[in-house]
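For reference, the chains in residue letters:
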Amino acid sequence: MDRLIAPRTVTQTVSVHAPRASSVQLCSPAAQVELAAVEGRWRGSIEIPRGGTYWLTVDGGEPLVDPDCERMTWQGGRPRCVAGDPWPVGSRLAVQPTDPVIYELHVKGFGGSFRGVAERLDYLAELGVDVIELMPVTPFDTSNNYWGYMPVVWGAVHEPYAGGGDPAGELADLIAAAHEHGIAVWLDVVFNHTGEGSSDKPTWSLRGLDDAGAYLWDGQRYNDDTGCGNTINPANAEVRRLVFSALDRFARLGVDGFRFDLASILARDGGELVGEIARWARQVGVAIVAEAWDMGRYLVGDPVWVAPWRQWNDRYRDDVRSLLRGEHGQAAFVASRISGSVDLFGHRGPDASVNFITAHDGLTMHDLTTVDHDGYNAWNAPAQLRPQLMKNYFTVLLLSRGPALFVMGDEFARTQHGHPNPYDIDGPLSWVDWARLDEWRELHDYVAALLRLRHDHPVTTVRLYGVNEHPDLAWHSQSLAWSTGDLYVMLNAWTQPLEFGLFEPGQWELAMSSVPMTGATVPARSSAVWTRVAG
């Protein structure tokens, strides 16, 4: 990564869109400059000591941050722009994963800081994941938020995640270190709303610059299909400029991909913006993933998501959870999910899906086995069954066709004690308890072995079977088997043992099972994986 030597004093130049303003001021603790209206924008410069703060005012009003600033801090409970170091320039991973296993993590919850995450890269490489997906790393108000899905600006880096005075530089260092371990880095980005929230909350940036144009309105109120108080207007030219400014900035840092929170909001303009993002991603060479729903629309499988867009597959999550907790009527759905969800993604194929059972939002994999909750398809199972149930989840997830994602610590049974939504809890409940790694070492080793199997035997064409040669997809069925290449998977979600046939040619040996087994009799609520013997 290239670093430039920064001068002691910075000439800070701004160019902002404030179409209804009569005047715009660029301010620092020592000076104030009137910006000039040039070609529809307010432009000007000010001299600031490196590391000093600056802000804007519109018509002499309250201080605002430049929505396109590269660094931001907090002073007296309000955001301020910072005249910082030159933005670092990095490079992407030389060989990008084509069928990745993605490990979603929260920087503070996983490692405390960017440097703390970097110190855990050996662990992640040994585990065998291909991508780390960082939950939002842009600036947010920590007084009422922990996850980070309330961004103040879109193109800066959250200062508390950095131990020193260069947040973007420390993120770049993490990315470079991940690449040295062969791991790609994706960022979870939030362009669907801003942390200004509802109209009764403080005005920090866009609301003070172009409230009417930057946000969507339902009459006299903000549209709130995000559930976060406001919804961005994807048809607005300045909003689009800010989106691509942030994406370009992080791509220059070396980021390999982006997951777009509530991305269906960005399609509110008829799909123009998401189409532009797709073209940009192809040109730059980064991965893009949509969370294709919000409180007003559900667009999973919609043709608006052209390549290279992938989509979080919530149908996969719900169907697999339902079958594995013993529900009837799920076998046919799960057969489709493990085969790549062609019913959802059609000609795009399984690469359009990101399969997952758990993510930051909802119960951890451990807690799916300790809570009775129909909304989360969770089951408070007997304690002795919980380890094998978690192994079953991982077996299905990692040996299905298509990219797979799981959340930090699931591989050693991280628990939030049944809490499904600790977005505002910055404490042990939300942090990874690394002591559980030793307590749940067997589960961790099982997951690592599955990851090795997946990498050694890529999941390609899936052929479906059952206890017998043909899969039983009837309403009562709670079993399924499938083969892909030199792997054969048997899944028994029923309450009794089932003897499976093995209907692929060649000699096969048992590679792993969620509980000990003899022959091809799969115990109740368990799974088994076989490998074809060479020769």
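Relevant structure appears above.
Notes on the structure in this doc start here. In this text, all values refer to a predicted model and were calculated from it rather than measured experimentally.

1. Looking at the overall build of the protein chain
Consideration 1: Looking only at helices and strands, the protein chain features 14 helices and 25 strands.
Consideration 2: Taking 535 residues into account, the globule formula puts the C-alpha radius of gyration at 24 Å, and the protein chain, at 25 Å, falls close to it.
Consideration 3: Each of the three principal axes of the protein chain carries a C-alpha extent, and together these read 80 × 45 × 40 Å.
Consideration 4: Restricting to contacts in the protein chain with at least 6 residues of sequence separation, those with at least 24 account for 69%.
Consideration 5: Only carbon and sulfur atoms are counted for the fraction: they give 50% of the accessible area of the protein chain, which is about 20200 Å².

2. Side note on the pattern of salt bridges
Consideration 1: One pass over the structure, following the stated rule, counts 31 salt bridges.
Consideration 2: A salt bridge links Asp-269 to Arg-240, with the nearest nitrogen and oxygen atoms 2.5 Å apart. Of this pair, Asp-269 sits in the loop between β14 (257-260) and α7 (272-284) while Arg-240 sits in helix α6 (residues 237-253), and the two are 29 residues apart along the sequence.
Consideration 3: Look at Asp-269 and you get buried, because its relative accessible area is 15%.
Consideration 4: Exposure remark for Arg-240: the relative accessible area of 13% places this residue in the buried category.
Consideration 5: The shortest N-O distance in the salt bridge between Arg-268 and Asp-294 comes to 3.0 Å. With Arg-268 in the loop between β14 and α7 and Asp-294 in the loop between β15 (287-290) and β16 (309-313), this pair connects stretches of sequence that are 26 residues apart.

3. Quick look at the sheet that holds strand β5 (residues 41-49)
Consideration 1: Spatial strand order, β1-β5-β4: 3 strands in an open sheet with antiparallel pairing. One side of each edge strand has no neighbouring strand; the edge strands of this open sheet are β1 (9-16) and β4 (36-38). Pairs of neighbouring strands in the sheet enclose a mean axial angle of 30 degrees, with direction left out of account.
Consideration 2: Bridge count between β4 and β5: 3 bridges; the pairing is antiparallel. What sits directly across from Val-38, in β5, is Arg-41.

4. A short note on the pairing of strand β6 (residues 53-58)
Consideration 1: With 6 of 6 residues buried, β6 lies mostly within the body of the structure.
Consideration 2: With burial as the criterion, each face of β6 is covered, one bearing Thr-53, Trp-55 and Thr-57 and the other bearing Tyr-54, Leu-56 and Val-58.
Consideration 3: For strand β2 (residues 24-27) and β6, the ladder comprises 4 bridges, and the chain directions are antiparallel. What sits directly across from Cys-27, in β6, is Trp-55.

5. Re the side chain of Ser-322
Consideration 1: Structurally, Ser-322 is set in helix α8 (residues 314-324).
Consideration 2: Beyond its immediate chain neighbours, meaning those up to four positions away, Ser-322 contacts Glu-327, Gln-330 and Asn-377.

6. Overview of the sheet that holds strand β7 (residues 72-75)
Adjacent strands of a sheet pair through backbone hydrogen bonds, lying either parallel or antiparallel.
Consideration 1: Across the sheet, 5 strands lie side by side as β3-β2-β6-β8-β7; this open sheet has antiparallel pairing. The open sheet has two free edges, formed respectively by β3 (32-34) and β7, since each of these has just one partner strand. Going across the sheet, the axis of each strand differs from the next one's by a mean of 35 degrees, ignoring polarity.
Consideration 2: As paired elements, β7 and strand β8 (residues 78-82) share 4 bridges and run antiparallel to each other. In the sheet register, Thr-73 faces β8, and the bridge partner there is Arg-80.

7. Observations concerning the packing of aromatic side chains
Consideration 1: Under the defined criterion, the tally for this structure stands at 24 aromatic pairs.
Consideration 2: Arranged with centres 5.1 Å apart and planes meeting at 80 degrees, the rings of Trp-74 and Trp-204 form a pair that is edge-to-face. Taken together, the residues Trp-74 in strand β7 and Trp-204 in the loop between β11 (184-189) and α5 (206-214) connect sequence positions 130 residues apart.
Consideration 3: Residue Trp-74 is classed as partly exposed on the basis of its relative accessible area, which comes to 27%.
Consideration 4: Members of the aromatic cluster, joined through ring pairs, are Tyr-103, Phe-110, Tyr-123, Phe-394, Phe-406, Phe-412 and Trp-434.
Consideration 5: It is Arg-80 that lies over the ring of Trp-55; its NZ or CZ is 4.7 Å from the centre.
Consideration 6: Cation over ring: Arg-249 sits above Trp-87, and NZ or CZ is 5.8 Å from the ring centre.

8. Things to note about unusual backbone geometry
Residues other than glycine predominantly adopt negative phi, and peptide bonds predominantly adopt the trans conformation.
Consideration 1: Along the chain, Ala-307 connects to Pro-308 via a cis peptide bond; the corresponding omega equals 10 degrees.
Consideration 2: For Asp-59, which is not glycine, the phi dihedral falls at a positive 55 degrees.
Consideration 3: Position of Asp-59 among the secondary structure elements: in the loop between β6 and β7.
Consideration 4: A positive phi angle, close to 40 degrees, is found at Leu-262, a residue other than glycine.
Consideration 5: Within the fold, Leu-262 resides in the loop between β14 and α7.
Consideration 6: Using a relative accessible area of 12% as the deciding quantity, one classes Leu-262 as buried.

9. What to know about α6
Consideration 1: In a regular helix each residue adds 1.5 Å, so 17 residues correspond to 24 Å; α6 covers 25 Å between its end C-alpha atoms and thus fits that length.
Consideration 2: Counted residue by residue, α6 has 13 buried out of 17 residues, so it is predominantly covered.
Consideration 3: Between the side-chain oxygen of the N-cap and the backbone nitrogen of Glu-238 there are 3.0 Å, and the N-cap of α6 in question is Asn-236.
Consideration 4: At the exit of α6 stands Gly-254, carrying a positive phi of roughly 110 degrees.

10. Describing the nonpolar core
Consideration 1: Residues Tyr-103, Leu-124, Ile-132, Leu-134, Leu-171, Phe-258 and Phe-260 are the most contacted members of the largest nonpolar core, which totals 132 residues.
Consideration 2: If one sorts the elements of this core by residue count, α6 sits on top with 9 residues.
Consideration 3: Not counting the four nearest positions on each side in its chain, Leu-171 is found in contact with Phe-114, Leu-134, Val-137, Val-157, Phe-250 and Leu-253.
Consideration 4: Residues Val-16, Trp-42, Ile-46 and Leu-64 belong to the second largest nonpolar core, which totals 25 residues.

11. Regarding α7
Consideration 1: Given a rise of 1.5 Å per residue, 13 residues ought to cover 18 Å, and the 18 Å separating the end C-alpha atoms of α7 matches this to within 8%.
Consideration 2: Looking only at α7, the buried set comprises Leu-273, Val-274, Gly-275, Ile-277, Ala-278, Trp-280 and Ala-281.
Consideration 3: Next to the buried residues of α7 lie α6, β14, β15 and β16.

Reading guide: rules and limits
Throughout, a residue's number is its position along its own chain's written sequence, starting from 1. Owing to the predicted nature of the model, reporting of local features is limited to residues with pLDDT of at least 70; listing and counting of side-chain atom pairs is limited to 80 or more, with chain, interface and lining totals taken over all residues. Remark: hydrogens and water are excluded; side-chain values derive from all non-hydrogen atoms of the structure. Numbered from the N terminus, helices here are DSSP runs of H or I no shorter than four residues, and strands are runs of E no shorter than two. Only C-alpha atoms enter the radius of gyration; for comparison, a globular chain is expected to reach 2.2 Å times N to the power 0.38, where N is the number of residues. Working rule for contacts: check all heavy atoms of both residues, and any pair within 4.5 Å makes them a contact. Methods summary: accessible areas were calculated by the Shrake-Rupley approach with a probe of 1.4 Å, and residue burial reflects only the protein chains presented. Whenever Lys or Arg places a side-chain nitrogen within 4 Å of a carboxyl oxygen from Asp or Glu, that contact is recorded as a salt bridge. The buried label goes to any residue with under 20% of its type's maximum accessible area, the exposed label to any with over 50%, and the partly exposed label to all in between, with areas taken from a 1.4 Å probe on protein chains only. Two strands qualify as a pair provided DSSP detects at least 2 bridges between them. Between N-to-C directions, angles span 0 to 180 degrees; the directions come from axes that are lines fitted to C-alpha atoms, helices contributing only their stretch in contact. Any two of the Phe, Tyr and Trp rings considered here, Trp counted by its six-membered ring, make a pair once their centres fall within 6.5 Å; the pair's planes then place it as stacked at under 30 degrees, edge-to-face at over 60, or tilted in between. Note on criteria: charge over ring means Lys NZ or Arg CZ within 6 Å of the ring centre, with the direction from the centre no more than 35 degrees off the ring normal. A helix's residues, less one, multiplied by 1.5 Å, set its expected span. Nitrogen and oxygen atoms within 3.5 Å of one another constitute a polar contact, given that in protein one can donate a hydrogen and the other can accept it, and given that sequence-neighbouring residues count only through two side-chain atoms. Among the buried residues, those of types Ala, Val, Leu, Ile, Met, Phe, Trp, Tyr and Cys that are joined through side-chain atoms within 4.5 Å form a nonpolar core.

Geometry only, nothing functional implied.
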